[in-house]
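Residue-level structural notes
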Amino acid sequence: MNLAQDPEAVPGAFTADGDRWRFAGTLTFDDAAAVLAGAQTLPLPPSGRVDMSGLEHADSAGLAVLLALKRRAAAERRTLVFEGMPPVLGSLARVYGIEDIVLPA
């Protein structure tokens, strides 16, 4: 099954919630492309805030998705701040030396 063709099969997704986005589910190599494709269909959140507290599991592909979203925001001359980052993703960001890009200040 191709996750990008069946949105119901995507184990994780960003959703608009008022003036911010929320993420729920997983963000791994297996589903990162589908999650990113789904996020591309949403306008960036007006507040620039993305609540990541619903993230259940992530790997380095999850960081790639967050970096892609930051690049999109920069291209649209917007800011994007990831809040409620679970420790596992914060640890990965530190290992890869990108904590200043994806972790809140």
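Fair warning: this is a prediction, and the values are worked out from it, not measured in the lab.

1. Quick word on the pattern of salt bridges
Charged atoms that come close allow side chains of opposite charge to pair. With the rule as written, the count across this model stands at four salt bridges. Residues Asp17 and Arg22 are paired through a salt bridge, measuring 2.3 Å at the closest nitrogen-oxygen approach. Between Glu76 and Arg72 there is a salt bridge, and its shortest N-O distance comes to 3.0 Å. For Glu76, a relative accessible area of 39% puts it in the partly exposed group. Via salt bridges that share partners, Asp17, Arg22 and Asp51 belong to a single interconnected network.

2. Examining the nonpolar core
Judged by nonpolar contacts, the single largest core of 27 residues is most densely connected at Phe14, Trp21, Leu27, Met52, Leu66, Leu69 and Phe82. Elements supplying a minimum of two residues to this core: strand E2 (20–27), helix H1 (32–40), strand E3 (49–58), helix H2 (60–75) and helix H3 (87–96). A per-element tally of this core places H2 first, with six residues. Ignoring sequence-local partners within four residues, the contact set of Leu66 consists of Phe14, Met52, Phe82, Met85, Leu89 and Val102.

3. Structural notes on the pairing of E3
One ladder, built from six bridges, connects E2 with E3; its direction is parallel. In the sheet register, Trp21 faces E3, and the bridge partner there is Val50. Following the chain from E2 across H1 to the adjacent parallel E3, one finds a crossover that is right-handed. Alignment of E3 against strand E4 (residues 81–83), held across three bridges, turns out to be parallel. By the bridge assignment for E4, Val50 is matched with Phe82. The parallel pair E3 and E4, bridged by H2, forms a crossover whose chirality is right-handed.

4. Focus: the environment of Ala93
Relative to the helices and strands, Ala93 resides in helix H3. Given a relative accessible area of 0%, Ala93 falls into the buried group. Between the alpha carbons of Ala93 and Leu103 there is a distance of 7.8 Å; along the sequence they are ten residues apart. Those residues in contact with Ala93 that lie beyond four places of it in its chain are Leu63, Ile98, Glu99, Val102 and Leu103.

Basis of the calculations
- Residues numbered from 1 in each chain as written.
- Predicted model: local features only at pLDDT ≥ 70, side-chain atom pairs only at ≥ 80, totals over all residues.
- Heavy atoms only, no water.
- Salt bridge = Lys/Arg side-chain N within 4 Å of Asp/Glu carboxyl O.
- Buried < 20%, exposed > 50% of the residue type's maximum accessible area, 1.4 Å probe, protein only.
- Core = buried A, V, L, I, M, F, W, Y, C linked by side-chain atoms within 4.5 Å.
- Helix = DSSP H or I, 4+ residues; strand = E, 2+ residues; numbered from the N terminus.
- Contact = heavy atoms within 4.5 Å.
- Pairing = 2+ DSSP bridges.
- Right-handed = clockwise from strand over helix to strand, strands pointing away.

Remember that the coordinates give geometry; whether it matters functionally is a separate question.
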